[in-house]
Amino acid sequence: MSLARLTVRAVVVSDGQSGRLAAVLDALAAQDPAPDHVDVVLAPDAPDVVAPASLRATLIRADITNFSHGVDTAVAASPGQAGEMLWLLHDDSAPLPGALAALTATARKRHRAEVIGAAQVRWDDPSRLVSLGTTTTRTGARRVTLVDEDDVNQGQYDARDDVLAVSMAGALVRRETWHRLEGLDPAYRGWGDSLDFCRRVWRSGGDVVVVPRARIRHAQESLYAMRGGREGSRRDTYVERRGAEWFHALVYAPWWAVPFLVIAALASSLWRAVTRVVRNDARMTAAELAVPARVVASLGRLFGARRRLTSSAGRGRRARAAEAALLATPRQVRHDVRVRQWGEYDTWRAASAPSDVVRGELELSRRRMRRALAATAVLLAAAAAVLHGDWILGILRGQMLVGDALGVTDAALGDLWDRGVGGWSEQGLGAPAIDGGLTALLVPLALVPGGLAVGLGLLLALAPLWAGLAAWATAGAVTRSVTFRVLAALVYGLLPPFIVAVGDGRLGGVLVHILLPLALLGILRAGGWHRGERVGAGEHFPAHPPRSSSAGMAGAVALALCVIASPLLMISALVGLAVLAGVSPGRRGTFVAIGVPTLVVGLPGVIAAVSQGVATADAWSVIAREPGPSAPSDRSVFDLVLSPWDGIDGVPSLIATVAAALVPVVLVAAALAVLGGRRWKLSLAGIAMVATGVAVAVAQAATVLSPDAGAGTGAANGWAGPGLTVAALGVLLATGAGLDGAWLVGRGATRVAVRVGAASMTLAVAVGVVGYGAALAWPGREDAATVALSSRDVVPLVAALEQEPPARQRVLVLEEGGEQDGDAPGEVTAAVLAYDGTDIVSTAGELVSGDRAAARTSGDAVVGLATLDDAVARLLGGESGAGQELAQWGIGVVVAVPGSASLEDSLAQAGDLALLGSSDRGTSWRILSDTGTVARAWLDTDGGAEPLAMGRSGGGVDVGSGGTAIVAVADDEAWTATLDGEPLVSVEDELGRVAFEVPRAGYLHVEYDDTTHRVWWWLGAATLVWAALGAVPLRARGFKEARA
Amino acid sequence: MRLTRLIPAAATAALVAAVSVASLPGPAAEVPAVTRDISVAPTPLPLACPGPLEVPVGDIDTGDSDLDAGSDDRTFWSAPEGDALGEGNAVAGAWGTQVERVGGGDIAGLAGTACSAPSQDQWLVAGATSLGASARLVLSNTSDASVRAHVTLHGPVGVIDEAIVVSVAPHSQQSLLLEGIEAEIPALAVHVVAGGVGVGAALQDSRLNGFVAAGTEWAAPTHTGTDLIVPIAGPVTADAPGTLRLVAPDGADVTLSLWGSDGERGWLGEDVVTVEAGAVTDLALPAGDLQAVRIEADAPVAAAASVTVARDAPADTGVAYALDQAWTEAQAATSDERAVVVPGGELSIVAAATESTRLTLTDADGAVVVDEPLSAGTVRRVEVEAEPGSVLIGTGPAAWALTVADGEAGFLTTLSPTPTSVPDRLVTIAPGTYVGSP
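Fair warning: this is a prediction, and the values are worked out from it, not measured in the lab.

S.K.: For this particular structure, what's the right way to read the overall build of chain A?
M.R.: Counting secondary structure elements, chain A contains 34 helices and 33 strands. By principal-axis analysis of the C-alpha atoms, chain A measures approximately 120 × 95 × 50 Å. Every one of the 1044 residues in chain A was classed for burial, and the buried ones make up 56%. In chain A, the proportion of contacts linking residues at least 24 apart, taken out of those at least 6 apart, comes to 75%.

If you want it as structure tokens, here you go:
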């Protein structure tokens, strides 16, 4: 122990931005022993401060740039004394009594201690720790605190001494050390410079010691961005701090590791940004993304900082050995991460933990709910099995569902993706699409083992189950009544128009019915309008359930998917969200965010509609389009709801009557439920949904849609189902809200009356459900479903093989009309197939009047199948040369379907056909082309034709000479061609195909390149991914950054 | 109670009122696929001539020429020259005729027919499969691909059993003995439906009365329509009866008018004859020298008339007269150019028309051979002198048939003119979808 008296020079640096300077000086004055000298360094524009008289303070006005500069100024102003120590204090750090004594005591004991730090405690609550030494990882890119923030100081850390670093605020630093190490490194811009300084101390042979009993109240105004009286938060300084951490890592890393660290900084920021998206924290997402820029910007200062480290402290192995033991161990890092990232969650959980009694009641309710859910699911699954059990068996056998309205359902994942991204629809002879159609919804279904046929098949076959479960979840948010939830799930899952839609394969309507309850659930939870479980005497737990942004984002995804399936819903969805945002000011951002994915996926349609004129029939037909399969329905909207029982002929009249009464009974029950006026806002929202739903349904049904299979094919009117789904959910919402707590309403006779009324209505609905279920399950019921099972190969294998790349020929399938098909006898149905069966599910080239593509404003009609009628007729009528015309459109194979014997005979006579073979899928002929092979695209030369190897919407070949490149699809401006990378000029083709002039030999490449479509697709995909990430329920587990 | 609690009820009432008052638009009608009827001119194919008659029981030589089934006295004549097609031949061009004279035996008589163009849907209204009758259907395929034909037999009780499918190889014939398919049909009509370009069809109708020939004739496909004329080729007497045979595929109410040389003659008591769907109806023709029947129906019918010529039967046969018969097919009154190739023999034209016109027939070079006036609703017989092998071409609206007789032997046959051009085919195409065959 040195007997020489330690002299302490306290240096307080202030830029005048803190209001706590006076308190700091008072605290200094209260020290015993007091510091020998006190230098108060003030920036020129800082307000004057009056130091306590007992304090021999020297006020220095200087043009200081940072804390270190301020200290330097003070030190330079007074001559140095041997063994003098600098007590560095910020203007928001006030030592508690006895702090200096404890520090100096340690300074005397520890000769090699060159920096002696104090324990930092909260300004307003000195019993809470802020910092007691810090360390960092081996890389140095993460600052690790050695105490849990806000930990109560009970002396548990009093034994701590050597640490890697301490905060300079309140630390004693030997004056010669300060000189030797040239003070704090200004390259750090004030963040992390303490850590750097302390590490340099260790490397230069000194020790850094923390004294837990010396406590400094530290307001951390910089950290919380509160300097200058601002109302900041920790989040405001996140970018600077995170950037400084990376800068620190760059300074301490070997030179060769610098580029890797920069890349690591980028990767880390991206990952952290994703986690911020998951937490629905847009601001911190932006902050995370700004970090790499900050790191790159700091590279200019890197050389100086690394030189300062090398010159003042050294970089060798020996220098590193001193600090090695003090770097954070993996365990410490894990602990730090856990405490910082999960501490908030644990705090919340602890705060909201129910009492044991409540916990018991909750467990009981949970068990009751689980049993009811299981029973409901079993009932719905049984209903699905009764309705379409054969579908499930067939799908498991490897078959697929097909239907005139559905098309084939065995599209390959790659084709779906190409269709979605590319935007070229193979309907008819090809057409541009305005958006990805249903592909965004089909891609996940295609990921199911077994492919789209299985995914889509199980979706349709078990649709009542899915819809019922969704309704169960939504009903649970509205009310906690088990009976209501069970009945709501059963009625909604078996809603008559929905059952009709499933049987007809109206995929859009089915998807909306399954997804829309989830959207409503998300919106209810985002608004905090859902109900906690009932406990005790009927009160809810929690009384005010937390609003959930994650649920809101899940709802946003569901809503966007609904709008994809039924674009007409977009307008009402956005208006509804706007109203919600208007009436709930606190959640405006949430509702706006919920609307964003819907807007983005719906916007291409709006743009296409506007480009067809603002208030024209064409614009409306685009707005009200059905992207997936459609089928005509001549039933009025109310017929569909109230007497949809065309499908249950063959059921005893009593059961049919009970079944038919279900929907009216439900509507009466709903009307009675809203009479009470309980939760009137939610009830009103439900009634508004009913009105909107009916309007949407009527408008949709009154619209003639674009033909599914291209120009000239049959066009259906819209399906009222999606609108009716909205109305059904409105009824659910209004009824649930109106009944909420009705069981406990009133007293005496009133209560009895209400209870009897509620019970009898419940009984009536239950009887209706049972009757309806019996009607559906009745063995003699005539099944009206038009969807059927079929083998996955539709055309003969020889024909299907020709549809594969590279030739990608089309197949002309001819079917003799019979009266059983509703066709006139002798009528020949001609279908041109690009795939193995007509693919309506994924193709959606939207056509408006005059067969124009809605995606284009050129006004040109899309060439339809009618252009082939003459050739087909001549082929059948025995005229020669018809095959050549078909080959001009890439048709290489003609198939007469089984049972079309006279067609087979006609085709057998045709001169330009060669029999390929006959199978139980039909008889196939190859078209003998004059030019050799038939292909989807080829180069017409004088000597013949060179086929291109074609993918779905592009392909190429090395051509030996010039000529005309022909792509046998309907002409569209987005088709491009290049020869050795140089763009080619398109030329007019007399048949209306895509054609380009090829001047010479080279590599010819043609491609459908619709940039606008692609941009929209990726934008929509990115928005959906963003919303899906936001739906991950991590909200309550936010960083502490979120707290302030 | 706060007033806000009334809001949902008020809103519900308003909604119900609005829905009941407002007249909401109904569902839009679907737009059906655009169906197009396209007329196609098929590539002309050679005409099919069925070839020589066959003796139903085979050529049995009994040693007694009066009892022999076959006969050595057979003359087969056809024009113009064609390529062999099975037993018959295929004649390239717009017309062709074959006539065969059998001097004795079971099929003694004169049997001729115009060579027929391949067709997809044709009715042959002739024949019987009852005892003593034989009906042989000859299907000829003159194309390069095999053709499947569906043959349906119709009798007095309607359609008989399901269609028989006959596959006819390229450039070949298939002959069917219909009594082997269904015997005891006293009045037969045969419906032949073929795919592709169709087949040529002809029916050999042979009758035998004990050991005595009762007539043999080739029947050609008849026209089907709602307004037809059947010229009656010869006089009808008690000994040589005549019959009108009708079949309506989907049933029809038929009005029949019998015309004589001086206008309409009274015939059936009722005006309207109801023909059951698919059932063959035979009506005995009243006695008369020169007659024709006009058929007006509310649905398409096919018809033909048979006349017989009586001659003395060989002695000791127990039969007074031997007969030869001639089938004349119904014709629509049309101005399409039709032609017949003239064989040798005693030739006359039997013509009738619904309107007053002239029967003008020219030869292939355009020289007028026959030019006679024809009053509405009357029948005329015009004797014709023409070289065998020459052609008679008519374009007028009259229905006419060429009768060929061998008066000395008491033989008769008729030849109906056939269209000289292949009619356009109508193909109805509808664009559609295909998701597999159930």
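Now that the structure has been shown, the text picks up again.
S.K.: Mind showing me how you'd approach unusual backbone geometry here?
M.R.: The phi angle of most residues is negative, glycine excepted, and most peptide bonds adopt the trans form. All names here are of chain A. Following Phe541, the chain continues to Pro542 via a peptide bond in cis, the omega torsion being -10 degrees. If you trace the backbone, Pro542 turns up in the loop between strand S16 (539–541) and helix H20 (549–565). Residues Pro805 and Pro806 are joined by a peptide bond in cis, for which omega reads 5 degrees. Along the chain, Pro806 turns up in the loop between helix H30 (797–803) and strand S18 (810–816). Phi at Asp851 is positive, roughly 55 degrees, even though this residue is not glycine. Within the fold, Asp851 resides in the loop between strand S20 (847–848) and strand S21 (852–853).

S.K.: I'm lost on the interface of chain B and chain A in this one. Help?
M.R.: Many descriptions give the size of an interface as the accessible area lost when the pieces come together. Contacts between chain B and chain A engage 50 residues on the former and 76 residues on the latter. Among the elements of the structure, helix H1 (7–21), strand S1 (36–40), strand S10 (147–155) and strand S34 (425–431) of chain B are those that each provide at least two residues to the side of chain B that touches chain A. Here the residues of the side of chain B that touches chain A sort into 31 nonpolar, 14 polar and 5 charged. Note: strand S19 (residues 827–833) of chain A against S34 of chain B, 4 bridges, orientation parallel. In the sheet register, Glu827 of chain A faces S34 of chain B, and the bridge partner there is Thr428 of chain B.

S.K.: Sorry, what's going on with the pairing of S34 of chain B here?
M.R.: Strand residues, when the strand is regular, have side chains that alternate between the two faces of the sheet. Residues and elements named next belong to chain B. When you tally the buried positions in S34, you get 5 out of 7 residues, the bulk of the element. Judged from the 5 bridges that link them, S1 and S34 form a sheet pairing that is antiparallel. When the sheet's bridge partners are listed, Arg36 is paired in S34 with Ile429.

S.K.: Help me out: how do you make sense of helix H29 (residues 748–777) of chain A in this one?
M.R.: Because an α-helix packs 3.6 residues into every turn, residues spaced three or four apart end up facing the same way. All names here are of chain A. For H29, which comprises 30 residues, the first-to-last C-alpha distance of 43 Å matches the rise-based estimate of 44 Å (1.5 Å per residue) to within 8%. Residues of H29 that are buried: Ala758, Val765, Gly768, Val769, Gly771, Tyr772, Gly773, Ala775 and Leu776. In this fold, the buried residues of H29 make contact with helix H12 (356–397), helix H17 (482–493), helix H25 (653–660), helix H26 (662–675) and helix H28 (721–739).

S.K.: How do you make sense of the sheet that holds strand S6 (residues 97–102) of chain B when you look at a structure like this?
M.R.: Paired through their backbone hydrogen bonds, the strands of a sheet run either parallel or antiparallel. Residue and element names in this part refer to chain B. Ordered in space as S3-S6-S7, the 3 strands form an open sheet in which the pairing is antiparallel. On the outer flanks of this sheet lie strand S3 (74–79) and strand S7 (109–114), each paired with one strand and no other. Averaged over all adjacent pairs, the angle separating strand axes in this sheet is 10 degrees, with direction ignored. Here S6 pairs with S7 via 6 bridges, running antiparallel. Following the sheet pairing, Val99 is matched in S7 by Gly112.

S.K.: Honestly, the sheet that holds strand S25 (residues 338–341) of chain B in this entry has me stumped. Any pointers?
M.R.: Residues and elements named next belong to chain B. Overall, antiparallel pairing links the 5 strands, which are arranged S28-S27-S30-S25-S33 in an open sheet. The sheet is open, and its two borders are formed by strand S28 (368–374) and strand S33 (418–419), each paired with just one other strand. In the sheet, strand S27 (residues 357–362) pairs with S28 via 6 bridges, with the strands oriented antiparallel. Each bridged residue has a counterpart across the sheet, and for Leu361 the counterpart in S28 is Val370.

S.K.: Looking at this model, I keep getting lost on the confidence of the model for chain B. Mind explaining?
M.R.: The predicted model of chain B has a mean per-residue pLDDT of 89, with 99% of residues at 70 or higher. Here the prediction assigns the complex a pTM of 0.81, and the interface score ipTM is 0.80.

S.K.: In this structure, what is going on with the domain arrangement of chain A? I would like to understand it.
M.R.: According to the domain assignment, chain A contains domain 1 (8–232), domain 2 (358–777), domain 3 (795–836 + 864–927) and domain 4 (937–970 + 975–1009). Put simply, the middle of domain 1 of chain A and the middle of domain 2 of chain A, counted by C-alpha atoms, are 63 Å apart.

S.K.: Honestly, the packing of helix H22 (residues 588–611) of chain A against helix H34 (residues 1011–1030) of chain A in this entry has me stumped. Any pointers?
M.R.: Any two packed helices are characterised by the angle at which their axes cross and by the distance between the axes. All names here are of chain A. Where H22 contacts H34, the two axes come as close as 9 Å, and the packing angle between them is 165 degrees. As summarised for this structure, H22 and H34 are arranged roughly antiparallel, according to the angle between their axes. As for how H22 packs across H34, the hand of that crossing is left-handed. For the pair H22 and H34, the contacting residues are Val596, Pro597, Val600, Val601 and Pro604 in the first and Trp1016, Leu1019, Gly1020, Thr1023, Leu1024 and Ala1027 in the second. For the contact of H22 with H34, a count of residues per class yields 9 nonpolar, 2 polar and no charged.

S.K.: Please explain the pairing of strand S10 (residues 171–174) of chain A as it appears in this structure.
M.R.: All names here are of chain A. With burial as the criterion, each face of S10 is covered, one bearing Ala171 and Val173 and the other bearing Leu172 and Arg174. Pairing geometry for strand S4 (residues 85–90) and S10, over 4 bridges, is antiparallel. When the sheet's bridge partners are listed, Leu88 is paired in S10 with Ala171. Relative to S10, strand S6 (residues 113–122) runs antiparallel, the two sharing 2 bridges. Its bridge partner lying in S10, Val115 is registered against Val173.

S.K.: Would you explain helix H1 (residues 21–29) of chain A in this entry?
M.R.: Residues and elements named next belong to chain A. Among all positions in H1, only Leu21, Val24, Leu25, Ala27 and Leu28 are buried. In a view along the axis of H1, the buried residues occupy a sector of 160 degrees, so they form one face of it. The secondary structure elements touched by the buried residues of H1 are strand S1 (8–14), strand S2 (37–42), strand S3 (57–61), S4 and strand S5 (93–95).

The rules behind each value
Residues numbered from 1 in each chain as written. Chains lettered and ligands numbered in written order. Predicted model: local features only at pLDDT ≥ 70, side-chain atom pairs only at ≥ 80, totals over all residues. Helix = DSSP H or I, 4+ residues; strand = E, 2+ residues; numbered from the N terminus. Buried ≥ 20, exposed ≤ 12 C-beta atoms within 10 Å, placed from the backbone. Contact = placed C-beta atoms within 7 Å. Nonpolar A, V, L, I, M, F, W, Y, C, P; charged D, E, K, R; others polar. Pairing = 2+ DSSP bridges. Expected span 1.5 Å × (residues − 1). Axes fitted to C-alpha atoms, helices over the stretch in contact; angles between N-to-C directions. pLDDT = per-residue confidence, 0-100. Domains from an automatic or database assignment. Parallel < 35°, antiparallel > 145°, perpendicular 65-115°, else oblique. Left-handed = near helix turned anticlockwise from the far one by under 90°. Arc of directions from axis to C-beta.

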